[in-house]
Every structure is written in C-alpha cells, then in structure tokens.
Amino acid sequence: MSEATPVRTRFAPSPTGYLHVGGARTALYNWLYARAKGGTFVLRVEDTDAARNTAEACQAIFDGMNWLGLTWDEGPDAGGDYGPYFQSQRSEIYERYLTKLTDADLAYEDDGAIRFRVPDRDITVNDTVCGSQTVNLHQQGLTRWDEEKSENVAANPDLVIRRPDGSFIFHFVNVVDDIEMKISHVIRGMDHLTNTIKHIALFEALGATPPVFAHVPLNLNADGSKMSKRDQGAAVGDYRDNGFLPAAVNNYLALLGWSPKDDREVFSMEELVEAFDLPGINQSNSRFDYDKCLWMNAEHLKALPATAFAEAAMPFVEQAGLPVDDDRIDAALELVQPRIQVLSDAPKWISVIFADEIEVEAEAGAKVSSRDDADSVLEALSSSLAAVSDWNDDDIKAAIVEAAGGLGVKMVALMLPCRVAATGSASGADLIPMLRLIGREKVVARIDAFRQSL
RNA sequence: GACCCGUUCGUCUAGCGGUCUAGGACUCCGCCCUUUCACGGCGGCAACACGGGUUCAAGUCCCGUACGGGUCGCCA
C-alpha cells in the first residue's frame, strides 16, 4: 500500500538572505531521498512573514541550492500542479481549509484571532529517526513558560492559527501545504520534533493522513554553539566563493548526521543517491569540522579530470588578475591540482610563475640567508642554471646536480635555497616543473636578486 | 519550570548481548618513498558521561543522575 504512494519530499525555507548549511543539509536529505525513491522534490518558500522577506532574500536561497545542484522538480520557476509555491500567494487555499475547521467547529474566534481546538486526547508521532512519543496537547498546553517571569503561567491550550490581521500562523500553513502538495515524507530539523504533535492534530482535524516524519539532528559549531550567519562555514555562498566543489560540500554535509554504515567517505552525488536512506540518519547533534570539509574538498579536487579542474579553477585565476590566455596556465594548474584544498588557493600557488617581481617571505628567506654557505650556493645555482641551453625538466635537474657537485654537497641541499630564491616561498608546487614554467631568465634573475639582498 | 530528544577517540562516525585488548575518517606526531614541496604508503597518540540493575555475558537492554540540545508565541 505504502509502496503505491509516490514519494514527495519538500524543502520549505524561510528567506533569510542566505542559505544556511543546516538548511542545505536538510534540503540535501530531502533531495537525496526523492532521487533515491524516484520521487518528487518540492521547493516551497515560507514567506508568510512579509516584513523580512524580499526578492533578494529568496534569490539567495535559490542560488545556493542551484549551486549545490539540489534542483527542485516543483517550486518557484519550476512550476508544478500544486502551486503557487510561495506561501504569501496561497491565502485563498488557507481560507478554504480554515472554513473546513470552522464548519466542523474545530476552530473559533478569540479576540480577533482564530484558534484551533486542540483535542483532549493522546496523539502519537512515530518518527523515523527519534522513535515514537505520545502527548496530550490539551493537557500539556494548560500552562506555558513565561520567559520574563521565569515561571509557568496559565495558558489557552488551543493553537492560534490566524492572527487578527488575517495572516496565518506557520503551523497551520505548513500542514495545509503539506496536505495540498501531497507531501509523503517530511524530513526536517530536530527543532520541529515537539511541534510535530501539533501538526499531526491538524492533519487529523483536516481529515488527512499525516506524512512520514524524519527529524534530523542539528549541526552546531565546532564549540557546540548554534551556527549563525557569521560563523565560519555557515553560509553556502561562502563555499562557492572560497573554491569548494558543490559535490564536496554535499558529500561533507551528507556525512554530518547520516552514515552509510560502512567505511566509505568520499561519494559522488550519484553514489550518495545510491547509498542514502532514512535509517542511516543519526540521532545526536553534530559539530561542524571545517578541516575535514577542506580535506573532503581536496579529495574531490584530486578526482577531477584535469580539464574539469582547469575549468573550475579558471574563475579564481581570472579574478586574481593572472593572464588566463598564457599557454602555461594549464600546465601550472595541473601542477597544483593534487596539492590544493580549495580552488581559491590556485592563484596563490601559480602567480609566482607570471609575476615580474617576487617578494621573498621573511621566514623562508631567513632559512636560506642564515646558512654560512648561502652566497656560494646561490652563485653556483645561478651560473649553473644560466648555462642550461635547453630549458626542460631533465636539464634543469642536471644543472642543479652539477651545482651541488661543484660545492661538494648533495642536490637536496640546494633545493630549498633554489625554491626560496626562485619562488619566494619555502613551500609550493613541484619545484623543477615550476622553474621550467617560470623560465630561465626569470629564475636566474631572481636568484641573483636574492643573493644581492643577503 | 514542564515536556521531548540525545550522550563511543578533540571532531565526524562503525558498533543493533559474546567476534570489542572498541573499527574507519579528519586533525596532530613518527617512519618510509622522494630532487624539494606535496601526494601516497605504513605506524602512533586518543573514546564507550557517571551510578545502579537485568544477564553466564553490556558500548550494546532497563532505571536513575549529570551534561548537551530542543519545544512550550498572535516567529518560522
């Protein structure tokens, strides 16, 4: 029977001006589940709080989801049979459902507002992640916690579903929309778990069968605090700007609160769809680990074909003002692909190839200049490299070996001085290919200049 | 305050009564590889919140405590 019910999941964000990673993960789980089950993923914008909802705020959500590749089958722009997909445009539907309630005497007016008559009986939610719990809302709602007084005060257990100004309350529209949009599975944050009892009461009062619920644990900062907009890694847009791959972010987010139950960690989107299922969702909150997210991105970067990597890196190269038409760009990118963690690192690593002048980092420079033989080492390097007629990797290496031989030291001893003098840094991409790309004249000139500065 | 959910290495997690002297991953450290820098390979440090039960046997089941999170709105 349930097999016959088509899977329809939804992500219902409220436009806040950015897509939060917590929201993105919820969206991902809904998307993944719909894809895995051959179902439909619906995007619905919960913009009933008109004051703070703007077109730009909505666009930020769409941009974030599009970047992640979490495309929706129904929703804004995509259309669908159950629109409109903005709650602000669905008042007529809500009025119709409200009439159902009032006609059945399940709602009544109270001081201009309208309240739903909460039933005085046990209601049970069977959550896929958290198990089942039973509550009598009527009895529990008799008192309520007063924040200012710090004590419980008498309360009306009946739920306000429409304000005196005619606007509807979240709990009501949320349920109505899920009924109207034929949502089969509600996958959302654990913060809604307790509210779900209210929702079920509403579903039942409206004569609808509640969907399957799966409340996923929350993501917190590394220190256990709540993630807010300013926190590192909180906004999806930052990942795009910092050179993360969407697949890597999805991969990391998927693993934060869900596990395939084996030792696999690096997944493509297709593999994620294949492996994802509701029982794999964990029950406890998790903390965001930016380092591991970086590692994940590096893994995805390394797995990219060289052309795809170059394509992904190019915007960052261009933004840094590097000569994108230079024929050494592709070779340079190939050199850094296995080494960088985020695409935005690429320009830093390769800019030294194209720069007219370089600045030697103080710490790196000191490592070389503090050596007694610094001057003779640099001189040997300079003259040896200057004499290379065919500037290729083998001959460059041979020249360094030769310089070392002349000084009676191993080649290894010259690598760091050479790197620092030619690139200005003690670390970076594979040195000999780097020297090749920089070019003989520049390499020699830089070594000489560094020697002068000693 | 009431109610709800949770608690395995610093972090993400595997574990669904014996195979756990608790496995994998990130981070950190060491070794190897190597022309440097990295990658990679190998190895190391590091956890069952606490207390009671149940059981021949508990990380795994039950109860309590502590801690963390959430909900109690005419916010979403």
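The preceding data block contains the structure.
Quantities reported herein were computed from a predicted structural model and do not represent experimental measurements. (Residues numbered from 1 in each chain as written. Chains lettered and ligands numbered in written order. Predicted model: local features only at pLDDT ≥ 70, side-chain atom pairs only at ≥ 80, totals over all residues. Heavy atoms only, no water.)

A. Quick look at the pairing of strand β4 (residues 113-116). Residue alternation in β4 divides its side chains into two sets, A113 and R115 and I114 and F116, and both sets are buried. The sheet contact formed by strand β3 (residues 107-110) and β4 spans four bridges and is antiparallel. Bridge assignment links Y108 to a residue of β4, and that residue is R115. Remark: two residues form the turn of the hairpin made by β3 and β4, two consecutive strands paired antiparallel; D111 in that turn has positive phi of roughly 55 degrees. Note: β4 against strand β9 (residues 159-162), three bridges, orientation antiparallel. Paired with F116 across the bridge in β9 is L159. (Buried < 20%, exposed > 50% of the residue type's maximum accessible area, 1.4 Å probe, protein only. Helix = DSSP H or I, 4+ residues; strand = E, 2+ residues; numbered from the N terminus. Pairing = 2+ DSSP bridges.)

B. Fine view of helix α10 (residues 290-303). For α10, which comprises 14 residues, the first-to-last C-alpha distance of 20 Å matches the rise-based estimate of 20 Å (1.5 Å per residue) to within 8%. Tucked inside the fold, the buried residues of α10 contact α7 (236-241), α8 (246-255) and α11 (306-319). Its side-chain oxygen at 3.1 Å from the backbone nitrogen of D291, D289 defines the N-terminal cap of α10. (Expected span 1.5 Å × (residues − 1). Contact = heavy atoms within 4.5 Å. Polar contact = N/O pair within 3.5 Å; in protein donor to acceptor, adjacent residues only side chain to side chain.)

C. Spatial organisation of the sheet that holds β9. The sheet built from three strands is open, its strands ordered β3-β4-β9 with antiparallel pairing. For this open sheet the edge positions go to β3 and β9, each flanked by a neighbour on one side alone. The average undirected angle you get between the axes of adjacent strands in this sheet is 45 degrees. (Axes fitted to C-alpha atoms, helices over the stretch in contact; angles between N-to-C directions.)

D. Region of the structure containing the pattern of salt bridges. Under the defined criterion, the tally for this structure stands at 23 salt bridges. Here K348 ties to D345 by a salt bridge, and the two come within 3.0 Å at their closest N and O atoms. A relative accessible area of 60% places K348 in the exposed class. Measuring nitrogen to oxygen at the nearest pair gives 2.9 Å for the salt bridge that ties R451 to D375. (Salt bridge = Lys/Arg side-chain N within 4 Å of Asp/Glu carboxyl O.)

E. Just the pairing of strand β7 (residues 143-146), in detail. Alignment of β7 against strand β8 (residues 151-154), held across four bridges, turns out to be antiparallel. Across the sheet, residue R144 finds its bridge partner in β8, namely V153. The turn linking β7 back onto β8 is made up of four residues, and S150 within it adopts a positive phi angle of 55 degrees.

F. Representation of the environment of D277 within the structure. Relative to the helices and strands, D277 is located in the loop between α9 (269-275) and β13 (286-287). By relative accessible area, which is 29% here, D277 ends up partly exposed. Each C-alpha atom of the pair D277 and E109 lies 43 Å from the other, and the pair is 168 residues apart in sequence. Beyond its immediate sequence surroundings of up to four residues, D277 is in contact with Y33, K37 and W258.

G. Inspection of the layout of surface pockets at higher detail. Taken as a whole, the largest pocket encloses approximately 1100 Å³ of empty space. If you trace the largest pocket, you find 36 residues lining it, with H20, G22, G23, D191 and H192 closest to the centre. Among the elements of the structure, β1 (8-11), α1 (21-36), α5 (170-180), β10 (185-189) and β12 (219-220) are those that each provide at least two residues to the lining of the largest pocket. Ranked by residues supplied to the lining of the largest pocket, first place goes to α1 with five residues. Residue composition of the lining of the largest pocket, by class: 13 nonpolar, 14 polar and nine charged. (1 Å grid on protein atoms, 1.4 Å probe; cavity = no way out; pocket = protein on both sides within 12 Å on 5 of 7 lines; lining within 4 Å. Points joined across faces, edges and corners; volume = space filled by probe spheres on them. Nonpolar A, V, L, I, M, F, W, Y, C, P; charged D, E, K, R; others polar.)

H. Focus on the protein's contact with RNA strand B. Near RNA strand B you find 57 residues, and of these R144, R163, R339, R419 and D430 are the closest. The sugar-phosphate backbone supplies 69% of the atoms of RNA strand B found within 4 Å of the protein. One of the side-chain N or O atoms of Q133 is found 3.0 Å from a sugar or linking oxygen in RNA strand B. In the environment of RNA strand B, a phosphate oxygen lies 3.2 Å from a nitrogen or oxygen atom belonging to the backbone of F170. For the surface near RNA strand B, the secondary structure elements donating two or more residues are β7, α5, β13, α10, α17 (412-423) and α18 (431-438). (Near = heavy atom within 4 Å.)

I. Layout of the nonpolar core. By size, the foremost hydrophobic cluster in this structure holds 102 residues, and its most contacted members are M65, L333, I350 and L385. In terms of residue count, the dominant contributor to this core is α1 (nine residues). Residues contacting M65, with those up to four places away along its chain left out, are F11, L19, A27, F41, L43, L70 and W72. One finds Y85, L101, F172 and I200 within the second-largest nonpolar core, a separate group that totals 34 residues. (Core = buried A, V, L, I, M, F, W, Y, C linked by side-chain atoms within 4.5 Å.)

J. Quick look at the environment of A214. Inspection of the secondary structure assignment puts A214 in strand β11 (residues 212-216). With 65 residues separating them in the primary sequence, A214 and P279 have C-alpha atoms 9.4 Å apart.

K. The environment of G23, seen in detail. The residue G23 is located in helix α1 in this model. For G23, a relative accessible area of 17% corresponds to the buried category. As a C-alpha pair, G23 and D177 span 154 residues in sequence and 19 Å in three-dimensional space.

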